[in-house]
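A structural walkthrough
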Amino acid sequence: MPNLLSRGLFNLFFGSRRKPLASLPGPPPGILGNLGDFLGAPPWDVCAHYARTHGPVAVAWLGPSPALVLNDPAVIHEVMETRRLEFEKGNIGTQIRHSVTDDTPFIADQGADWARKHAMDPLAQPWTPAWQAAQVEPMRAALEESVEALLREPSLDLALALRKLTFDVFCVATVGEKLPTSVYDDFILLAAAADARIQAKLPLRFVSPPKGFAAAKERFYGLFADKIRAARQAPSAHRVDLMSWTLREMPDFDDRVHAHLLGGFFFGGVFSSSTTLTGAVHQLQKYPAVEERLAKESAALMRVPLDFERLKGGSWGEAVAFEALRILPAVRVFLRRSPLAPTQLVGVTLPPGMTLMISNQHLHRDPSHWVQPEVFDPERWLNGGAARNPLGSGHFFPFGRGPRACVAGDFAMVYLRTALATLFARVRIQVDSTEPFEEGFFFGVVLPKGVTGKFVARQRATDSTPMGAPPSSAVESA
Ligand code: HEM
């Protein structure tokens, strides 16, 4: 809390800016506004703290600029759904455009730009659900191969190991094969360049790209362009990867845009999906009975080939994925900004270009809505629980809300369920500490830090068909 002098100075210099927002609660600003709150803690924790101390709508000051912190489901509904065309996404476009290209809908302006890009996105087509369903067995096989390799590692940084595993599996889902590690290195370099801009304390024009950025970008997107060219020359009616499916269904789709979207898939999905898996693994170590039930269900599901229909029968796996997305959502803060023309919201006129900070951190754990919100309890999603709190509803929006919610949310659920089933049928993931882990931030996504552990093979259940390589020497029973 800033002292009286600091508060007095703020009012002296910026008091007139406070007047239009005076009816709204919020922390008292000092000479630097409330920046001090954000320097000491992750932004989602600050948003949750404001919800608890000031209520569901609060004004905070980022230096001399006000920000509206929203923890009210009805107002969030307005901003992200009914009135979304008025509120552009923060400045994420200028931060990540160099790495992700302009073709991804993620950074499109609300309105016509987004509508055009969304309409031609292979992830938003009538055939997309069929492509998703067809990924279950190829992803299972890719996961199994990666798991066998990880079993040989004596110790792992689980966030990084699951990130690489997710990248490899997404290669199979997008182009039908795992790609060389050099492609992963290029991807991480491009993501790190975007992350440096997201986290920059300087004006963006002073943030220079890392060494080798231009060459990595050319190689990364060039690889997808080469794959598309090769697939056009030797079309196959049987390949089920996204690229082949798109070429069959949308033969006139521009190859350059197609290559950009295939590359963009990794930026959209690898960090968020692997962070969610890491969170799930950490919670499962803390709640062994939940893990045991997942292992049993997974062993029963695991007959090769695994198909979408059988995977859907794994209701505990789905509940575990939902619970991980609730308690440790990978994307916790959504930024929007008010339009240049004066706009009314929450009973006040917003200044032009005002930042709106929307977070799911508090609402996903709101004790007035959830029973024992701090407990990792997948049971809450069974017996109608998922219908009571559907994805994108007031207290559960890990994939965002409204038309700009994650275009690949359904695919992410298929991936998470396939990954949980494949992993927990085969291994116990031993996590070194169940204490809460430190949470960093990479590419706009939460990055778990210091979550170390190892994979330990489970004894295979007798009623499942043997898969893959023989168990390694360290074996536990399921
Ligand atoms: C657990 C995994 C995932 C989580 C938690 C997640 C979360 C999100 C969230 C919260 C948004 C909305 C952001 C906003 O409104 O500001 C979003 C949008 C988006 N996500 Fe995901 N995502 C995941 C997986 C994926 C995957 C696998 C892809 C692959 C392509 C992807 C691609 C996108 C794209 C392109 C958008 C922009 C959609 C649009 O504006 O039309 N995401 N995601």
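Residues numbered from 1 in each chain as written. Predicted model: local features only at pLDDT ≥ 70, side-chain atom pairs only at ≥ 80, totals over all residues. Heavy atoms only, no water.

Going by an unreviewed UniProt entry, the chain carries the name Cytochrome P450 family protein and comes from Myxococcus stipitatus. The UniProt entry for the chain carries the following comment under Cofactor (unreviewed entry): "heme". (UniProt positions renumbered as here; feature names shortened; annotations may be inferred.)

So, on to the overall build of the chain. Within the chain one finds 18 helices and 13 strands. Here the C-alpha atoms of the chain give a radius of gyration of 23 Å, agreeing with the 23 Å that 2.2 N^0.38 yields for 478 residues. Across the 478 residues in the chain, those meeting the buried criterion constitute 53%. Considering only residue pairs separated by 6 or more positions, the chain has 72% of its internal contacts joining residues 24 or more positions apart. Surface exposure of the chain reaches about 20400 Å², of which carbon and sulfur atoms provide 58%. For the chain, the distance from the average position of its 50 positive side-chain charges to the average position of its 48 negative side-chain charges is 4 Å. (Helix = DSSP H or I, 4+ residues; strand = E, 2+ residues; numbered from the N terminus. Rg over C-alpha atoms; globule rule 2.2 N^0.38 Å. Buried < 20%, exposed > 50% of the residue type's maximum accessible area, 1.4 Å probe, protein only. Contact = heavy atoms within 4.5 Å. Areas by Shrake-Rupley, 256 points an atom, 1.4 Å probe, with all protein chains shown as cover. Lys, Arg positive; Asp, Glu negative; His and termini not counted. Charge placed at Lys NZ, Arg CZ, Asp CG, Glu CD.)

Let us now look at a nonpolar patch on the surface. A grouping of Leu-5, Leu-9, Leu-12, Phe-13, Ile-31, Leu-32 and Leu-35 is seen on the molecular surface, where their side chains present a nonpolar patch of about 690 Å² in accessible area. With four residues, helix α1 (residues 4-18) is the single largest residue contributor to the nonpolar patch. Residue placement: Leu-35 occurs in helix α2 (residues 35-40). For Leu-35, a relative accessible area of 32% translates into the label partly exposed. (Patch = residues over 30% accessible without salt bridge, like charges linked within 9 Å, V, L, I, M, F, W, Y side chains within 5 Å. Salt bridge = Lys/Arg side-chain N within 4 Å of Asp/Glu carboxyl O.)

On to the pattern of salt bridges, then. All told, the structure shown has 24 salt bridges when counted by the stated rule. The salt bridge partner of Arg-332 is Glu-439, with a shortest N-O separation of 2.7 Å. Residue Arg-332 is located in the loop between α16 (315-327) and β5 (333-337), and its partner Glu-439 is located in strand β10 (residues 438-442); the two are separated by 107 residues in the primary sequence. Residue class for Arg-332 comes out buried when judged on its relative accessible area of 3%.

Core analysis: the largest hydrophobic core is formed by 108 residues, its most contacted members being Phe-266, Tyr-415 and Phe-455. Of all the elements, helix α13 (residues 255-286) adds the most residues to this core, at 13 residues. Not counting residues within four places of it along the chain, the set of residues in contact with Tyr-415 comprises Met-139, Leu-143, Leu-165, Thr-166, Val-169, Phe-170, Ser-273 and Leu-277. The next biggest cluster of nonpolar side chains, apart from the first, holds 23 residues, and it includes Leu-24, Ile-76, Met-80 and Leu-356. (Core = buried A, V, L, I, M, F, W, Y, C linked by side-chain atoms within 4.5 Å.)

Let's shift gears to the site of the ligand. Taken together, 26 residues are adjacent to the ligand, and Trp-114, Phe-334, Arg-336, Arg-404 and Cys-406 come closest. One of the backbone nitrogen or oxygen atoms of Gly-268 is found 3.2 Å away from a nitrogen atom of the ligand. Contact between the ligand and Arg-336: an oxygen atom at 2.8 Å from a side-chain N or O atom of the residue. For the shell around the ligand, the secondary structure elements donating two or more residues are α13, β5 and α18 (409-426). Top element by residues in the shell around the ligand is α13. It accounts for six residues. (Near = heavy atom within 4 Å. Polar contact = N/O pair within 3.5 Å; in protein donor to acceptor, adjacent residues only side chain to side chain.)

What follows concerns the environment of Pro-342. Within the fold, Pro-342 resides in the loop between β5 and β6 (343-345). A relative accessible area of 68% means that Pro-342 is categorised as exposed. Between the C-alpha atom of Pro-342 and that of Gly-353, which follows or precedes it by eleven residues, the distance is 9.6 Å. The residues touching Pro-342, leaving out its near neighbours within four places in the chain, are Thr-349 and Leu-350.

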